[in-house]
Amino acid sequence: MALKANPVWGCAKTPHFHKGLPDLVPNRCGFGLDLRVLNKWECTCVGVLAQTHRAITPVEDDRPYTPDVQSSEANERSQDSQSSGFHKDLNLLPKPLSIMELSSSPDDGTKVRVAYQGLPGAYSEAAARKAYPKCETVPCDQFEAAFKAVELWLVDKAVLPIENSVGGSIHRNYDLLLRHRLHIVGEVQLVVNHCLLGLPGVLKEELKRVFSHPQALAQCEMTLSNLGIVRISADDTAGAAQMVASIGERDTGAVASAQAAEIYGLDILAEKIQDDDDNVTRFLILAREPIIAGTDRPYKTSIVFTLEEGPGMLFKALAVFALRDINLTKIESRPQRKRPLRVVDDSNKGSAK
């Protein structure tokens, strides 16, 4: 196997925090590994990685809330099926930051400013508020805009999804982690509860089409198929809810969160419509400065590396962790753009190119 062509992310598991590597080369890839580290080896491995960086002394509002995955009941907000009315002025909602036009809003220094991808009511916003309950959330139209908002000091942190228990890894954010010099300083896990939304007074049987993010639509495949509803892709779930409210057609609905229904004045026609109840998304918390791992609690470390081509190279790399009783909870391989995979031509000569 030609591992030269594959960047590798590695994560060492200790449940609550990540330590990012600052000097990642953009055109290299790596395995993502999550490692559960014994304290002895934790200090050795993480200390070497962190020795050249400043420690951050977190303030109360700056400490990420990172408990284990909570039950869906604890994460869901009770929602009446009756709508409180259409949002009076959508222009009053925060305008998402774009890559081309990043503008800072006044910062009084009293709150942590956290960027997320999507519109108000998106699941990413809920994850940001779970990590920092008193934060000021800043919506961004794309993942890269959230990265740049942190780099340009427009916000303090970014909370971005990295994997879903049903849909798998979000590869775009793995690649952006290699391209931008930000550090992983925490994570938060959010139970996803998809709701079927419609205009006030509409029954779910009246719907003929629904808008939502492609992954959300795929996660609700069985429910939507049973209703005979046509699925239409949107940029994000909250954007789909806003679209339904703006269009104002009774046969059009959206798959989004209960919070999106409240913001955009829609009724919740059905809750928990996802095919798999165990639907959890893991989000990374990114910052400009790393944190220094200590010995007071378990930490999680993410490593990215490349390998030379040859027999057993990956086996040898992973043996380093196994011999030190470090548990790898995740491994992810990404292609190197400037080093395409080696292939064999169609002729009988079998030469590689």
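Residues numbered from 1 in each chain as written. Predicted model: local features only at pLDDT ≥ 70, side-chain atom pairs only at ≥ 80, totals over all residues. Heavy atoms only, no water.

Draft legend 1. Expanded view of the pattern of salt bridges. Under the defined criterion, the tally for this structure stands at 13 salt bridges. Among the ionic pairs, Glu332 bridges to Lys330, the shortest N-O distance being 3.3 Å. With relative accessibility at 14%, the residue Lys330 sits in the buried group. (Salt bridge = Lys/Arg side-chain N within 4 Å of Asp/Glu carboxyl O. Buried < 20%, exposed > 50% of the residue type's maximum accessible area, 1.4 Å probe, protein only.)

Draft legend 2. Just the side chain of Asp236, in detail. Of note, Asp236 is situated in the loop between β10 (230-233) and α8 (237-247). Buried within the structure, Asp236 lacks any salt-bridge partner; Arg172 is the closest side chain of opposite charge, at an N-O distance of 14 Å. There is a polar contact of 3.1 Å between the side chain of Asp236 and the backbone nitrogen of Ala238. Beyond its immediate stretch of four places on either side in the chain, Asp236 contacts Gln117, Gly118, Leu119 and His213. (Helix = DSSP H or I, 4+ residues; strand = E, 2+ residues; numbered from the N terminus. Lys, Arg positive; Asp, Glu negative; His and termini not counted. Polar contact = N/O pair within 3.5 Å; in protein donor to acceptor, adjacent residues only side chain to side chain. Contact = heavy atoms within 4.5 Å.)

Draft legend 3. Region of the structure containing the pairing of strand β13 (residues 280-287). With 8 of 8 residues buried, β13 lies mostly within the body of the structure. Here β13 shows two buried faces, one formed by Val280, Arg282, Leu284 and Leu286 and the other by Thr281, Phe283, Ile285 and Ala287. Pairing analysis gives 6 bridges linking strand β5 (residues 157-164) to β13, with the strands arranged antiparallel. When the bridges of β13 are listed, Val159 appears paired with Ile285. Here strand β7 (residues 183-191) pairs with β13 via 8 bridges, running antiparallel. Within β13, the residue paired with His183 across the bridge is Ala287. (Pairing = 2+ DSSP bridges.)

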